[in-house]
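Examining the three-dimensional arrangement
The chain contents come next:
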Amino acid sequence: MMKKREIEVLAPAGSMECLRAAVLNGADAVYLGGEMFGARAYAGNFNQEELCEAIDYAHMFRKKIFLTINTLMKEKEKDQLIDFLIPYYEQGLDAAIIQDPGVIRMVREYFPDLEIHASTQMTVTGVYGARMVKKMGAKRVVPARELSLEEIKEIKDDTGLDMECFVHGALCYCYSGQCFMSSMLGGRSGNRGRCAGTCRLPFYKKGSGKKQKYLLSLKDLCTIEQLPEILDHGVDSLKIEGRMKGARYVGEVTRLY
């Protein structure tokens, strides 16, 4: 008899209101950002008191909290990272979602029993990248959003890592973690959490007159109808995008999945 797999619904939260909406609508885990090192610098991120409260609230319902540390870090910020993480680690934080390989190394050294998830911002596109993050100590990988189900299954079969995949929400035009458009055009680096969403703006196609076209803006992802196939390819966690969204959106989408 095939062993039954536990499938996780992972919801976003940019505020305590969103966190409650996610938990009360069935999320198994919630991912959120603190005041530093998150890829959504303009979201309603949690301060220290709020984040500790969020961890306690989720654990009261036997849910998990994952903290995003999914930006590239500067050398001078290393000491800040440890001080930033200590109170959440002591509060019982369940996992950290990390982009920078150097940060993975530091977290493994200073917080050896804190679960590490390799962020989609690491651009893990195949088994070799997945093997690397597993060797570094990651328990879970969030592969690049551009991968096919077959490529995702290949990583799962090869490494056995927990597989967390985006199933709903906004998509980037560029490869995950490799976009410099916002940085080059406006000085706001997506890899420092300050993406201006340039690809979402209207662009004119040369020779087409003045009619605006959203040539670089992808349609949002919605995989409700593909869920059986997604689960058949080894996905363990269904990740909903939306830390910039409101509580009504978070609760409704979480409930549906």
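This write-up is about the structure you can find in this document. Counting restarts for each chain, with residues numbered from 1 along the sequence as it is written. Restriction of local features to residues with pLDDT of at least 70 applies here, the model being predicted, together with a cutoff of 80 or more for giving and counting side-chain atom pairs; totals for whole chains, interfaces and linings are based on all residues. Side-chain numbers here rest on the full set of heavy atoms in the structure, without hydrogens or water.

On a plain count of helices and strands, the protein chain comes out with nine helices and nine strands. A principal-axis box enclosing the C-alpha atoms of the protein chain has dimensions of 60 × 50 × 40 Å. Remark: exposure states derive from per-residue accessible area (1.4 Å probe, protein chains only) relative to the maximum for the residue type, with buried under 20%, exposed over 50%, and partly exposed in between. Residues classed as buried in the protein chain amount to 49% of the 257 residues present. In what follows, residue pairs with any heavy atoms lying within 4.5 Å of each other are defined as contacts. Summarising the internal contacts of the protein chain: among those between residues at least 6 apart in sequence, 65% fall at separations of at least 24. Where accessible areas are quoted, they stem from the Shrake-Rupley method and a 1.4 Å probe; at the residue level, only the protein chains shown are allowed to cover. Accessible area for the protein chain stands at about 13,600 Å²; split by element, carbon and sulfur atoms hold 52% of it. Counted as positive: Lys and Arg. Counted as negative: Asp and Glu. His and the chain ends are not counted at all. In plain terms, the charge of a residue is placed at NZ if it is Lys, CZ if Arg, CG if Asp and CD if Glu. Charge-centre separation for the protein chain: the mean point of 36 positive side chains lies 7 Å from the mean point of 34 negative side chains. Counting from the N terminus, the helices are the DSSP runs of H or I reaching at least four residues and the strands are the DSSP runs of E reaching at least two.

Across the eight residues that make up strand 7 (residues 162–169), a large majority, eight, are buried. The pairing criterion for strands is at least two bridges between them, as found by DSSP. Note: strand 7 against strand 9 (residues 237–240), four bridges, orientation parallel. By the bridge assignment for strand 9, F166 is matched with K239. Alignment of strand 7 against strand 8 (residues 221–222), held across two bridges, turns out to be antiparallel. The residue of strand 8 that forms the bridge with G169 is L221.

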